[in-house]
Amino acid sequence: MNVLEQQLNHLVDECRPYTAQGKVADYIPELAHVKNDLLGVAICLPDGTYIHAGDVHHKFTIQSVSKALTLCYVLMEFGEDYVFSKVGMEPTGDAFNSIAKLEETVPSKPLNPMINAGALAVTSMILGETAELKIYQFRQFLATLLNRSVEEVTYDEKVARSEYETTDLNRALLYFMRHHGIVEGDVDEIIDVYTKQCAIEIDCFDLARIGRVFAGNGEDPDTGEELIPRRVVRIVKAIMTTCGMYDASGEFAVRVGLPGKSGVSGAILAVGNHELDLNNVGFGIFGPALDSKGNSIAGMKLLELLIERYTSR
Ligand code: DON
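Definitions and cut-offs
- Residues numbered from 1 in each chain as written.
- Predicted model: local features only at pLDDT ≥ 70, side-chain atom pairs only at ≥ 80, totals over all residues.
- Helix = DSSP H or I, 4+ residues; strand = E, 2+ residues; numbered from the N terminus.
- Rg over C-alpha atoms; globule rule 2.2 N^0.38 Å.
- Buried ≥ 20, exposed ≤ 12 C-beta atoms within 10 Å, placed from the backbone.
- Pairing = 2+ DSSP bridges.
- Near = placed C-beta within 6 Å.
- Nonpolar A, V, L, I, M, F, W, Y, C, P; charged D, E, K, R; others polar.
- Domains from an automatic or database assignment.
- Contact = placed C-beta atoms within 7 Å.
- Axes fitted to C-alpha atoms, helices over the stretch in contact; angles between N-to-C directions.
- Left-handed = near helix turned anticlockwise from the far one by under 90°.
- UniProt positions renumbered as here; feature names shortened; annotations may be inferred.
- Expected span 1.5 Å × (residues − 1).
- Core = buried A, V, L, I, M, F, W, Y, C linked by C-beta atoms within 7 Å.

S.K.: Summarise the overall build of the chain; cite the residues concerned and give the values.
M.R.: Within the chain one finds 13 helices and 7 strands. Radius of gyration (C-alpha) of the chain: 18 Å, near the 20 Å computed for a compact globule of 313 residues. Its C-alpha atoms give the chain principal-axis dimensions of about 55 × 40 × 40 Å. Looking at the 313 residues of the chain, the share that counts as buried comes to 53%.

S.K.: Residue-level account of the pairing of strand β6 (residues 267-271), with values.
M.R.: For a regular strand, side-chain orientation follows a simple rule: the groups alternate between the two sheet faces. Most of β6 is tucked away: 5 of the 5 residues are buried. Taking every second residue as pointing to the same face, both faces of β6 are buried, with Ala267, Leu269 and Val271 on one and Ile268 and Ala270 on the other. Between strand β5 (residues 260-262) and β6, which pair antiparallel one after the other, the connecting turn spans 4 residues, and Gly266 there sits at a positive phi close to 100°. As paired strands, β6 and strand β7 (residues 282-286) are joined by 5 bridges and run antiparallel to one another. For Ala267, the partnering residue across the bridge sits in β7 and is Phe286.

S.K.: Now, about the site of the ligand: what can you tell me, with residues and values included?
M.R.: The environment of the ligand is made up of 13 residues, and the closest members are Gln63, Ser64, Cys198, Val264 and Gly294. Of the residues assigned to the shell around the ligand, the class counts are 3 nonpolar, 9 polar and 1 charged. Each of domain 1 (3-63 + 201-309) and domain 2 (66-198) accounts for three or more of the residues forming the shell around the ligand.

S.K.: Now, about the domain arrangement of the chain: what can you tell me, with residues and values included?
M.R.: As assigned here, the chain comprises domain 1 (3-63 + 201-309) and domain 2 (66-198). With centres defined by C-alpha atoms, the gap from domain 1 to domain 2 works out at 21 Å. At the interface, 31 residues of domain 1 touch 31 residues of domain 2. Within the residue set of the side of domain 1 that touches domain 2, elements represented by two or more residues are α10 (204-215) and α11 (230-243). Sort the elements by how many residues they give to the side of domain 1 that touches domain 2 and α11 lands first, with 7 residues.

S.K.: With reference to specific residues and values, describe the packing of helix α2 (residues 65-78) against α11.
M.R.: Following both chains from N to C, one finds α2 and α11 inclined at 145°, their axes separated by 10 Å at the closest point. Judged by the twist between their axes, the crossing of α2 over α11 is right-handed. On α11, the residues touching Ala68, Leu71, Cys72, Leu75 and Met76 of α2 are Val232, Ile235, Val236, Ile239 and Met240. Per-class residue counts for the contact of α2 with α11 are 10 nonpolar, no polar and no charged.

S.K.: Describe in detail the UniProt feature "binding site: substrate" in the chain, supporting the description with residues and values.
M.R.: Taken from the UniProt record, the annotation "binding site: substrate" applies to Ser64, Asn116, Glu163, Asn170, Tyr194, Tyr246 and Val264. Tracing the sequence through the fold places Tyr194 in helix α9 (residues 187-198). Overall, the presence of 29 C-beta atoms within 10 Å leaves Tyr194 in the buried class. Among the secondary structure elements, Tyr246 is positioned in the loop between α11 and α12 (249-255). Given 24 C-beta atoms within 10 Å, Tyr246 falls into the buried group. Excluding anything up to four places from it in sequence, Tyr246 contacts Ala95, Phe96, Met114, Ile115, Lys293 and Gly294.

S.K.: Which residues make up helix α13 (residues 297-309), and what are the values?
M.R.: The end-to-end C-alpha separation of α13 is 19 Å, in line with the 18 Å expected for 13 residues at 1.5 Å each. Inspection of α13 places Ile297, Ala298, Gly299, Met300, Lys301, Leu302, Leu303 and Leu306 among the buried residues, and these make up the whole buried set. Lining the buried residues of α13 we find α1 (3-15), β1 (40-44), β6 and β7.

S.K.: Kindly report on the nonpolar core, identifying the contributing residues and their values.
M.R.: If you look at the biggest cluster of nonpolar residues, it comprises 103 residues, and the most contacted ones within it are Val41, Ile43, Leu71, Cys72, Leu302 and Leu303. Domain assignment of the residues forming this core places at least three in each of domain 1 (3-63 + 201-309) and domain 2 (66-198). With sequence-adjacent residues up to four places away left out, Ile43 is seen in contact with Tyr50, Ile51, Ala208, Leu278, Val281 and Phe283.

S.K.: I'd like to hear about the environment of Gly263, residue by residue, with values.
M.R.: As for its placement among the helices and strands, Gly263 is situated in the loop between β5 and β6. Note: C-alpha distance between Gly263 and Ala25 (238 residues apart in sequence) is 10 Å. Gly263 has contacts with Ile62, Gln63, Ser64 and Val65, leaving out every residue within four places of it along the chain.

S.K.: Tell me what's going on with the sheet that holds β5, and back it up with residues and numbers.
M.R.: Read across the open sheet, the 5 strands follow the order β2-β1-β7-β6-β5; overall the sheet is antiparallel. Edge positions in the sheet fall to β2 (50-54) and β5, since each of these pairs with one other strand and no more. For this sheet, the mean inter-axis angle between neighbouring strands, taken without regard to orientation, is 10°. The sheet contact formed by β5 and β6 spans 3 bridges and is antiparallel.

S.K.: Can you tell me about the pairing of β2, naming the residues and giving the values?
M.R.: Burial analysis of β2 places 4 of its 5 residues in the buried class, the great majority of the element. Note: β1 against β2, 5 bridges, orientation antiparallel. Of the residues in β2, the one forming a bridge with Gly40 is Gly54. Connecting the antiparallel pair β1 and β2 is a turn made up of 5 residues, with Gly48 showing a positive phi of about 90°.

Right, here's the structure in full:
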């Protein structure tokens, strides 16, 4: 274990007590079974190797981190003009599942692709004759980012079903937007794709690698091949910075200052930059105990301390 890894282990020990102040999400019943005090972090270094500490070998579902990646996918497929004709690029200051602003905006275009309404509009753009074919396209995109086969990118069927059966609020958002012509198609099918996209199983290493791809302007850290065009990376990083943590995005920008995206499973993806002593690295964090805004409570603390300690003044 090198010095950096030792320091990372201490940081996890220091931050784990914060999990006691948070709570695992239970509004998706199948998520409620996870232990509250888990905490893990992986960092993917510029050369594609990893350092890690804590509970990094746990698998978890990607949840809202998927929103940054479906955004990437549709930007690459359809271009920014089309995507931003359906979804905005402004922060809301509201909770991730809020419906309020949809009624205040004319047309009822969701304000950004990170809140549920915007993410559902993005998911509705994915082409394919069936929900299974649509989710396959997205799994294939993830497989490219993770450098593995599409068969190895799987979703947790129980979590997907559990959300599909209970997600009245997301259905309501979709019916509202369909009424106003923002989305088209069958609401249940879009929910099917969305709940499967959110249930994709990953771990801290996967998140860190995706963060590293973003930090390297879309290049594969192993081969240098372009996986995402630079312009798309720039757009998605900007939206993660302003909207990635919902109504905690401002605080996250002040305390951490990096593009980041959270998920209610306790996942956090963050994208390093050259200002860090660690350089252009990717961060993958898992800490399922959440704060009142749906972000990993200990994970946020861990990132804050990491940045504080690894940024030269
Ligand atoms: O739509 C939902 O409510 C979940 N599948 C995802 C929400 C989420 O991860 C919010 N993040 N912190």
